Amino acid sequence: MNSSDRLVELLTEAFWETLHIVSVAGLWTLVGGLLLGTVLYITSKTGPKPIAVVNAPLGLIVNIGRSAPFVLLMVAVVPLTRLITGTSIGTEAAIVPLTVASIPFFARLVEGALLEVQPGLIEAARSMGASTPGLVWRVVLPEATPGLIRGFTVTLVAVVSYSAMAGIVGGGGLGDLAYRYGYQRFETEYMIWPLVILVVLVQLFQILGDRCARTLDRR
């Protein structure tokens with residue numbers, strides 16, 4: 001096998017590893033961040049049902065999660081990673097810290113998107129006797145969908161970036177390929193092509209997210 005064939009083979013394998021990591025972590029982030037962000041919105045001071053004793057500790061946890069550098073967070077959650085996956089290295093192990101880091105990030109974006117829903121719509125729903133779950137499910141979430149999509153797009157781009165950093169410490173994917181072959185072995189093409197693929201992947205996510213948000217924006 002010549003060097004070009006080997007490069008293509010390794011890039012293909014690393015690309016699918018990265019796509020797997022980003023897809024699984026992104027799915028868990030979508031579910032977890034949407035739930036956490038909705039709870040933060042509901043219990044906030046201007047939310048449908050303010051509950052300070054719930055909102056304050058949740059907000060503190062989210063802020064800590066958002067402020068922790070990802071590399072340090074990866075090390076901090078190694079016990080949790082081993083508990084869930086049985087190992088602390090590899091593509092499956094990388095999903096755990098990626099999810100832990102991304103959920104608080106997305107949760108704040110969800111909260112912000114929900115808070116931007118026009119108060120008049122909320123008051124109209126309340127005047128018709130809508131309960132808090134009905135208000136959130138039938139009015140707030142549908143109205144905030146374009147903002148939620150934009151927020152998730154931003155989060156997904158961050159997950160791609162995190163996945164490259166995870167590769168440096170044995171997480172697999174394009175970051176791992178660039179580090180092991182491009183940096184440690186001084187093979188420039190192994191540094192450049194993973195970077196190009198990551199940039200293209202980010203651009204595709206951003207274009208798709210923007211297009212979906214514009215399509216669903218009823219304003």
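Residues numbered from 1 in each chain as written. Predicted model: local features only at pLDDT ≥ 70, side-chain atom pairs only at ≥ 80, totals over all residues. Heavy atoms only, no water.

## A look at the overall build of the protein chain
Phase 1: Within the protein chain one finds nine helices and zero strands.
Phase 2: The helix and strand sequence of the protein chain, counted from the amino end, reads α-α-α-α-α-α-α-α-α.
Phase 3: In the protein chain, which comprises 219 residues, the proportion classed as buried is 42%.
Phase 4: For the protein chain, the proportion of contacts with a sequence separation of at least 24, taken over those separated by at least 6, is 72%.
Phase 5: Across the protein chain, the 15 positively charged side chains and the 14 negatively charged ones have centroids separated by 12 Å. (Helix = DSSP H or I, 4+ residues; strand = E, 2+ residues; numbered from the N terminus. Buried < 20%, exposed > 50% of the residue type's maximum accessible area, 1.4 Å probe, protein only. Contact = heavy atoms within 4.5 Å. Lys, Arg positive; Asp, Glu negative; His and termini not counted. Charge placed at Lys NZ, Arg CZ, Asp CG, Glu CD.)

## A short note on the UniProt feature "domain: ABC transmembrane type-1" (unreviewed entry) in the protein chain
Phase 1: The positions UniProt marks with the feature "domain: ABC transmembrane type-1" (unreviewed entry) are residues 15-209.
Phase 2: Counted over residues 15-209, helix gives 84% and strand 0%. Its end C-alpha atoms are 20 Å apart. (UniProt positions renumbered as here; feature names shortened; annotations may be inferred.)

## A word on the side chain of Glu111
Phase 1: Its place among the elements puts Glu111 in helix H5 (residues 91-115).
Phase 2: Judged by its relative accessible area of 10%, Glu111 is buried.
Phase 3: If we skip the residues at most four places from it in the chain, Glu111 touches Gly37, Leu40, Tyr41 and Ser44.

## Let's talk about the UniProt feature "transmembrane region" (unreviewed entry) in the protein chain
Phase 1: Mapped onto the present numbering, the UniProt feature "transmembrane region" (unreviewed entry) falls on residues 20-42, 148-170 and 190-209.
Phase 2: Summarising residues 148-170: 91% helix, 0% strand, and an end-to-end C-alpha distance of 32 Å.
Phase 3: Secondary structure over residues 190-209 splits into 100% helix and 0% strand, and the C-alpha atoms at its two ends are 29 Å apart.

## Here we look at the packing of aromatic side chains
Phase 1: Evaluation of the coordinates by the stated rule reveals four aromatic pairs.
Phase 2: With a centroid separation of 5.3 Å and 65° between ring planes, the pair formed by Phe15 and Trp16 is classed as edge-to-face.
Phase 3: Ring plane angle 65° and centroid distance 5.5 Å describe the contact between Phe106 and Phe152, whose orientation is recorded as edge-to-face. Of this pair, Phe106 sits in helix H5 while Phe152 is found in helix H7 (residues 132-168), placing the two residues 46 residues apart along the sequence.
Phase 4: Look at Phe106 and you get buried, because its relative accessible area is 1%. (Phe/Tyr/Trp six-rings, centres within 6.5 Å; stacked < 30°, edge-to-face > 60°.)

## Brief notes about the side chain of Ser44
Phase 1: When you line up the elements, Ser44 lands in the loop between helix H1 (3-43) and helix H2 (52-67).
Phase 2: Reaching out from Ser44, the side chain makes a polar contact with the backbone oxygen of Tyr41 at a distance of 2.8 Å.
Phase 3: The residues touching Ser44, leaving out its near neighbours within four places in the chain, are Pro50, Asn55, Glu111 and Leu115. (Polar contact = N/O pair within 3.5 Å; in protein donor to acceptor, adjacent residues only side chain to side chain.)

## Re H7
Phase 1: For H7, spanning 37 residues, the distance from its first C-alpha to its last is only 45 Å, which falls clearly below the expected 54 Å at 1.5 Å a residue.
Phase 2: Along H7, the sharpest kink reaches roughly 60°, centred on Thr145 and followed within four residues by the proline Pro146.
Phase 3: Following H7 by one or two positions, Gly170 adopts a phi angle in the positive range, close to 90°. (Expected span 1.5 Å × (residues − 1). Bend = angle between axes of the 7 residues up to and from the residue.)

## Remarks on a nonpolar patch on the surface
Phase 1: Together, Tyr183, Met191, Ile192, Trp193, Val196, Val200 and Leu204 make up a nonpolar patch on the protein surface, roughly 680 Å² of accessible area in all.
Phase 2: The biggest single contributor to the nonpolar patch is helix H9 (residues 188-216), with six residues.
Phase 3: Within the fold, Met191 resides in helix H9. (Patch = residues over 30% accessible without salt bridge, like charges linked within 9 Å, V, L, I, M, F, W, Y side chains within 5 Å. Areas by Shrake-Rupley, 256 points an atom, 1.4 Å probe, with all protein chains shown as cover. Salt bridge = Lys/Arg side-chain N within 4 Å of Asp/Glu carboxyl O.)

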